[in-house]
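So you can see what is in the structure, the chains are spelled out below.
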2 protein chains.
Amino acid sequence: MYKLYDFLPSGNGYKVRLLLAQLGIAFERIEIDILQGESRTPEFLEKNPNGRIPVLELEPGVYLSESNAILVYLGQGTNFLPIDRLEYARVMQWMCFEQYSHEPYIATSRFWLQHNMANQYRKELLQKQAPGYAALGVMEQRLVNHPFLVADRYTLADIALYAYTHVADEGGFSLENFPGIRAWIDRVQAQPQHIPITQE
Amino acid sequence: MYKLYDFLPSGNGYKVRLLLAQLGIAFERIEIDILQGESRTPEFLEKNPNGRIPVLELEPGVYLSESNAILVYLGQGTNFLPIDRLEYARVMQWMCFEQYSHEPYIATSRFWLQHNMANQYRKELLQKQAPGYAALGVMEQRLVNHPFLVADRYTLADIALYAYTHVADEGGFSLENFPGIRAWIDRVQAQPQHIPITQE
């Protein structure tokens, strides 16, 4: 059985939890309290030298890290990953966008706010507003007239972007001016076997 | 013929140029001077709403963005992308690592230093030293006893990480204490049809 090294509030961990649930794959979840330094112990660094969750243990001693790489591993050969070459590349495009242009602003802001670091990072939180809203704008431009990010159906791209977008308010980002994103969130939540971010 | 919207000093653009050269695929390169705002014009934003190069125009009006997604698109079915499921996921893992844990520190520092913004970003440059060296440390741990990042042969993972690592000094990062990385750079440069970052 897969073991998932995870931190329950993490959207990156949630991506993997959500896909595993929707694929009907049982797994053992192991909580790593990153606030207590548990992702930087020598024991954990043997699993992922980069010191980050999530990590999926595929079989004893074989570890895969990076949430979007885990999604691709699990999604191969399923309906969550298109076969068409361009659609496949578009899923990659959105997942790269998520890690580079979305997560560092929206997820990081949420992390600071959730863990009472707002005063410590007051200036940085302000600096993250413009690029975070820019990322939401890029998503809105697609979603205002398409049901999903790629190929007009639910794929790994939606899982990757949904994870932190649907809790953007917890990072200080309002979705009020993004009706396309809000309707998409409803569509994602209506998918079979959907689970919320708080579910282990 | 493919059109590549590119900025010559960019390592992200170079990844695509290098792979195209090594695949023997002819392309037209179109310089977008990002310093002059050419990646944020209405015309360019129609190609990539996220306003970044590189963008590959696959056929007239069909655009693919995100350097690593372009690598995957071009690499499908070639020796640069392993077929084995776990090796394939490891390529994804390293490419995600590159975008999240490496590029924002090493490439961004290089950009500021190259374009005479060192004074303006003095504090940020200092802040990027520790995470940048941490990323190099993660690479070193692999490369000190393996010839390449994945599967002991040259793959897209090496192209993605080589782009900014081999010019890390231009970002203020010394490779002196990373003998594994230095030997790997030599191996990458010895690959057939290798081109330098300055070659159009």
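Procedures and definitions
- Residues numbered from 1 in each chain as written.
- Chains lettered and ligands numbered in written order.
- Predicted model: local features only at pLDDT ≥ 70, side-chain atom pairs only at ≥ 80, totals over all residues.
- Heavy atoms only, no water.
- UniProt positions renumbered as here; feature names shortened; annotations may be inferred.
- Helix = DSSP H or I, 4+ residues; strand = E, 2+ residues; numbered from the N terminus.
- 1 Å grid on protein atoms, 1.4 Å probe; cavity = no way out; pocket = protein on both sides within 12 Å on 5 of 7 lines; lining within 4 Å.
- Points joined across faces, edges and corners; volume = space filled by probe spheres on them.
- Nonpolar A, V, L, I, M, F, W, Y, C, P; charged D, E, K, R; others polar.
- Least-squares fit on C-alpha atoms with pLDDT ≥ 70 in both.
- Axes fitted to C-alpha atoms, helices over the stretch in contact; angles between N-to-C directions.
- Parallel < 35°, antiparallel > 145°, perpendicular 65-115°, else oblique.
- Left-handed = near helix turned anticlockwise from the far one by under 90°.
- Contact = heavy atoms within 4.5 Å.

Trainee: Looking at this structure, I do not really get the UniProt feature "domain: GST N-terminal" (unreviewed entry) in chain A. What am I missing?
Mentor: Under the present numbering, the feature "domain: GST N-terminal" (unreviewed entry) in UniProt falls on residues 1-82 of chain A. Annotated as residues 1-82 of chain A, this span is 34% helix and 23% strand, and its ends, taken at the C-alpha atoms, are 26 Å apart.

Trainee: Help me understand empty space enclosed by the protein, please; the structure alone is not making it clear to me.
Mentor: One pass over the full model with this rule turns up one cavity of 30 Å³ or more. Roughly 130 Å³ of volume is contained in the largest cavity. Forming the walls of the largest cavity are 14 residues, and the residues nearest its centre are Met92 and Cys96 of chain A together with Met92, Met95 and Cys96 of chain B. Those elements that provide at least two residues to the lining of the largest cavity are α3 (67-75) and α4 (85-114) of chain A together with α3 (67-75) and α4 (85-114) of chain B. When grouped by side-chain class, the residues that make up the lining of the largest cavity number 10 nonpolar, four polar and no charged.

Trainee: Mind showing me how you'd approach the relation of the copies chain B and chain A here?
Mentor: Each copy superposes on the other: chain B lies on chain A with an RMSD of 0.0 Å after a rotation of 180° and an axial shift of 0.0 Å. In short, the pair behaves as if placed about a two-fold rotation axis. Scanning chain B for the C-alpha nearest the rotation axis identifies Tyr100 of chain B, at a separation of 3.1 Å.

Trainee: Got a minute to help me understand the packing of α3 of chain A against α4 of chain A in this structure?
Mentor: For any two helices packed against each other, one specifies the inter-axial angle together with the distance between the axes. Residue and element names in this part refer to chain A. Packing of α3 against α4 leaves a shortest axis separation of 10 Å and a crossing angle of 155°. If you check the angle between α3 and α4, you find them roughly antiparallel. Crossing hand, α3 versus α4: right-handed. Of α4, the residues touching α3 (which contributes Ser67, Asn68, Leu71 and Val72) are Tyr88, Met92, Met95, Glu98 and Gln99. Among the residues forming the contact of α3 with α4, the class breakdown is five nonpolar, three polar and one charged.

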